[in-house]
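# An overview of the molecular structure
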Amino acid sequence: KPLAIVYAQYGEARDGSPRVSTHMASMQDKLSGTVLLVDDVAISGATLAAVKAVLRAGHPELSEIRTAVVWQKGSCDLPPDYRAAYLAHNPRIHPPYEAYDLSSVEALAAHRPD
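Below: a short report on this structure. (Residues numbered from 1 in each chain as written. Predicted model: local features only at pLDDT ≥ 70, side-chain atom pairs only at ≥ 80, totals over all residues. Heavy atoms only, no water.)

This next bit is on the environment of serine 26. Along the chain, serine 26 falls in strand S2 (residues 19-26). For the pair formed by serine 26 and proline 2, sequence separation is 24 residues and the distance between their alpha carbons is 7.6 Å. Not counting residues within four places of it along the chain, the set of residues in contact with serine 26 comprises Leu3 and Ala4. (Helix = DSSP H or I, 4+ residues; strand = E, 2+ residues; numbered from the N terminus. Contact = heavy atoms within 4.5 Å.)

The topology assignment puts histidine 59 in the loop between helix H1 (46-58) and strand S4 (62-73). Polar side-chain contacts of histidine 59 include one of 3.2 Å to the backbone nitrogen of leucine 31. If sequence neighbours within four positions are ignored, histidine 59 has contacts with Met24, Asp29, Lys30 and Leu31. (Polar contact = N/O pair within 3.5 Å; in protein donor to acceptor, adjacent residues only side chain to side chain.)

The strand order across the open sheet formed by three strands is S3-S4-S5, and the pairing between neighbours is parallel. Lying at the two open borders of the sheet, with one neighbouring strand each, are strand S3 (33-42) and strand S5 (82-87). On average, adjacent strands in this sheet sit at an angle of 20° to one another, irrespective of strand direction. Relative to S5, S4 is paired through five bridges, and the arrangement is parallel. Within S5, the residue paired with alanine 68 across the bridge is tyrosine 82. In the packing of H1 onto the sheet, contacts are made with S3 and S4, and the angle to S4 comes to roughly 160°. (Pairing = 2+ DSSP bridges. Axes fitted to C-alpha atoms, helices over the stretch in contact; angles between N-to-C directions.)

When you line up the elements, tyrosine 86 lands in strand S5. Since its relative accessible area comes to 41%, tyrosine 86 is described here as partly exposed. When the C-alpha atoms of tyrosine 86 and valine 70 are compared, they prove to be 8.7 Å apart, with 16 residues separating the residues in sequence. Apart from residues lying up to four places away in sequence, tyrosine 86 is in contact with Gln72, Lys73 and Gly74. (Buried < 20%, exposed > 50% of the residue type's maximum accessible area, 1.4 Å probe, protein only.)

Before going further, it helps to spend a moment on the pattern of salt bridges. Within the structure shown, the criterion is met by two salt bridges. Glutamate 64 is paired through a salt bridge with arginine 66; the nearest N and O atoms lie 2.8 Å apart. Arginine 66 gets classed as partly exposed once you look at its relative accessible area, which sits at 32%. Where aspartate 81 meets arginine 66, a salt bridge forms, and the shortest distance between an N and an O atom there is 3.9 Å. Here the residue aspartate 81 occupies a position in the loop between S4 and S5, and arginine 66 occupies one in strand S4, the gap between them amounting to 15 residues. A cluster of three or more residues bridged by salt bridges with shared partners is formed by Glu64, Arg66 and Asp81. (Salt bridge = Lys/Arg side-chain N within 4 Å of Asp/Glu carboxyl O.)

Here it is as structure tokens:
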């Protein structure tokens with residue numbers, strides 16, 4: 001199946017709502033049929049709901065949008081269709097890529113494999 005990537009960031013708007021790009025990185029212009037929307041974590045579910053709304057508005061050919069996350073926190077009011085782990089007590093998550101988020105470009109380049 002084709003892959004499409006949509007950028008979304010929670011809490012960046014002044015009102016704290018998710019900010020979702022209307023542009024998508026994909027090898028095809030339009031999405032149709034059934035789509036699986038995947039995110040790393042569902043804290044409230046607001047980001048998944050916002051991205052679903054953008055996808056439905058921009059791609060009326062979609063018949064179904066299902067959602068999946070790696071981690072769903074207990075605070076999630078809009079749960080995904082699928083999850084790998086449920087975190088009832090809302091712990092701080094330290095994803096494996098977090099170290100890269102906090103690194104400079106120079107530090108990453110210094111550890112780049114040859």
